[in-house]
Amino acid sequence: MRSVKSHYGGVYISGGSYKTSLSSKTELGLNPNFNGMTIKGNGRVVFGDNFHSGEGCLILTSNHNYNGNALPYDETNIDKDVIIGNNVWFGDRVIVMGGVKIGDGCIIQAGAVVVKDIPDLGIAGGNPAQVFKYRDKEHYYSLLEKGLFH
Ligand SMILES: CC(C)(COP(=O)(O)OP(=O)(O)OC[C@H]1O[C@@H](n2cnc3c(N)ncnc32)[C@H](O)[C@@H]1OP(=O)(O)O)[C@@H](O)C(=O)NCCC(=O)NCCS
């Protein structure tokens, strides 16, 4: 694992007018590919290997405390980590909320808002994101064994 403060070659960042802005609490696996990713908040965000994402994605790891001593919220934050497995693909405009774990091989549909954990190989979409099918296990593990990564 590498933190963004210490990453070296092999990080792909593109996305035209979409900026990529990773927090200092982001940890990258091997071969990360960003096309416009904003990570906000103080929670950790851990990416597994071979992460790919479309344009305009957002990961939000902090909430203002709306149960504190001021309205609409007080000066404290509630931080929650996001853990993303290996070989995960986000379509365009995916939003992930803090506290969520996205398993190996998951695909998150364009426009999805992920608020709960997504199990390994799950293909999930909508708001709130639900798994509507799974990757083919044999196909996935056969590519994994052969080390075939985009
Ligand atoms: C996630 C994704 C890859 C799934 O694509 P897919 O495998 O072709 O899936 P389909 O659209 O064929 O949908 C499969 C089935 O699930 C259903 N489905 C699709 N999205 C759904 C959702 N959010 N909730 C419930 N059901 C859904 C479809 O209606 C379809 O049902 P059917 O088999 O009865 O017809 C695709 O939707 C996606 O978001 N791709 C990313 C595109 C993108 O952002 N590209 C640019 C950046 S990389």
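Above this note sits the structure.
The structure displayed is predicted, hence computed values, not measured ones.

Visitor: Got a minute to help me understand the site of the ligand in this structure?
Guide: As a matter of local geometry, the ligand sits amid G54, W89, G91, D92, I107, Q109, A110, I123, G125, G126, F132 and K133. D92 places a main-chain nitrogen or oxygen 2.8 Å from an oxygen atom of the ligand. Contact between the ligand and Q109: a nitrogen atom at 2.8 Å from a side-chain N or O atom of the residue. Look at the ligand: alone it shows 970 Å² of surface, and the protein chains cover 44% of it. Of all the secondary-structure elements, those providing two or more residues to the shell around the ligand are β17 (122–125) and β18 (130–134).

Visitor: I would appreciate a short explanation of the environment of Q130 in the present structure.
Guide: Following the sequence through the fold, Q130 ends up in strand β18. The spatial distance from the C-alpha of Q130 to the C-alpha of K25 is 27 Å, given a sequence separation of 105 residues. Beyond its immediate sequence surroundings of up to four residues, Q130 is in contact with I123, A124 and G125.

Visitor: Would you take a moment to explain the layout of surface pockets for this structure?
Guide: One way to see where empty space is left: roll a probe the size of a water molecule over the atoms. By volume, the largest pocket is sized at about 300 Å³. Here the lining of the largest pocket takes four residues from helix α1 (residues 137–146), the largest share from any one element. In terms of residue class, the lining of the largest pocket is built from seven nonpolar, five polar and one charged.

Visitor: Whenever I open this one, α1 confuses me. Can you help?
Guide: For an α-helix the count is 3.6 residues per turn, leaving residues at separations of three or four pointing the same way. Capping of α1 at its N-terminal end is provided by D136; its side-chain oxygen lies 3.3 Å from the backbone amide nitrogen of E138. Within two residues after α1, G147 carries a phi angle of roughly 70 degrees, on the positive side.

Visitor: What's the story with the packing of aromatic side chains in this structure? I'm lost.
Guide: Note on aromatic pairs: each is described by the distance of the centres and the angle between the planes. Taken as a whole, this structure holds five aromatic pairs when the rule is applied. The interplanar angle of 55 degrees and the centroid separation of 4.6 Å between the aromatic rings of F47 and F51 together place this pair among those described as tilted. The residues F47 and F51 share a single accessibility class, namely buried. Ring-pair connections join several aromatic residues into one group, and the members of that group are F34, F47, F51 and F90.

Visitor: Looking at this model, I keep getting lost on the environment of A129. Mind explaining?
Guide: By the element assignment, A129 lies in the loop between β17 and β18. On the basis of relative accessible area, A129 is assigned to the buried category, the value being 9%. Expressed as a C-alpha distance, the spacing of A129 and G36, which sit 93 residues apart in the sequence, is 20 Å. Beyond its immediate sequence surroundings of up to four residues, A129 is in contact with A112, V113, V114, I118 and A124.

Visitor: Quick question: what am I supposed to make of the sheet that holds strand β5 (residues 37–40) here?
Guide: Two orientations exist for strands paired in a sheet by backbone hydrogen bonds: parallel and antiparallel. On the basis of which strands lie adjacent, the open sheet formed by four strands has the order β5-β8-β13-β16 and parallel pairing. A strand with exactly one partner marks an edge of an open sheet, and here the two such strands are β5 and β16 (113–114). Summarising the sheet, β5 and strand β8 (residues 57–60) pair through four bridges and their orientation is parallel. Paired with K40 across the bridge in β8 is L60.

Visitor: I tried to follow unusual backbone geometry on my own but got confused; where do I start?
Guide: Glycine aside, the phi torsion of most residues is negative, and most peptide linkages are trans. The omega torsion of the bond from L71 to P72 falls at -5 degrees, within 30 degrees of zero and hence cis. In this fold, P72 is placed in the loop between β9 (62–64) and β10 (77–79). Across the junction of N127 and P128, the peptide omega takes the value -5 degrees, indicating a cis bond. Note that P128 resides in the loop between β17 and β18. Positive phi is not limited to glycine here, since N50 has a value of about 55 degrees. In this structure N50 comes out as buried when scored by relative accessible area, which is 12%.

Calculation notes
Sequence positions are assigned chain by chain, starting from 1 and proceeding in written order. Under the rules for a predicted model, residues below a pLDDT of 70 receive no local features and side-chain atom pairs below 80 are neither given nor counted, while totals for whole chains, interfaces and linings still include all residues. Where side-chain values are given, they derive from all heavy atoms of the structure, hydrogens and water being excluded. Whether a residue is near a molecule or strand depends on its heavy atoms: it is near if one of them lies within 4 Å of it. For this analysis, a polar contact is any N or O atom pair within 3.5 Å, provided that within protein one partner can donate a hydrogen and the other can accept it, and provided that sequence-adjacent residues contribute only side-chain to side-chain pairs. Accessibility throughout is a Shrake-Rupley quantity obtained with a 1.4 Å probe, and a residue counts as covered only by protein chains that appear here. Secondary structure follows DSSP: runs of H or I at least 4 residues long count as helices, runs of E at least 2 residues long count as strands, and numbering of each begins at the N terminus. Two residues qualify as a contact provided that any one of their heavy atoms is within 4.5 Å of a heavy atom in the partner residue. Here a cavity denotes a set of grid points, spaced 1 Å apart and computed over the protein atoms alone, in which a 1.4 Å probe fits but from which it cannot get out, and a pocket denotes an open set meeting protein on both sides within 12 Å along at least five of seven lines; residues with an atom within 4 Å of a point are reported as lining. Grid points are joined across faces, edges and corners, and a volume is the space filled by probe spheres set on the points. When residue character is reported, Ala, Val, Leu, Ile, Met, Phe, Trp, Tyr, Cys and Pro are called nonpolar, Asp, Glu, Lys and Arg charged, and the others, Gly included, polar. Stacked, tilted and edge-to-face are the three classes assigned to paired rings of Phe, Tyr and Trp, where Trp is represented by its six-membered ring and a pair needs centres within 6.5 Å; plane angles under 30 degrees give stacked, over 60 edge-to-face, the rest tilted. Relative accessibility decides the category of a residue: with a 1.4 Å probe and only protein chains considered, values under 20% of the type maximum give buried, values over 50% give exposed, and everything between is partly exposed. Each pair of strands is called paired provided DSSP finds at least two bridges between the two strands.

The values are spatial; any link to function lies outside them.
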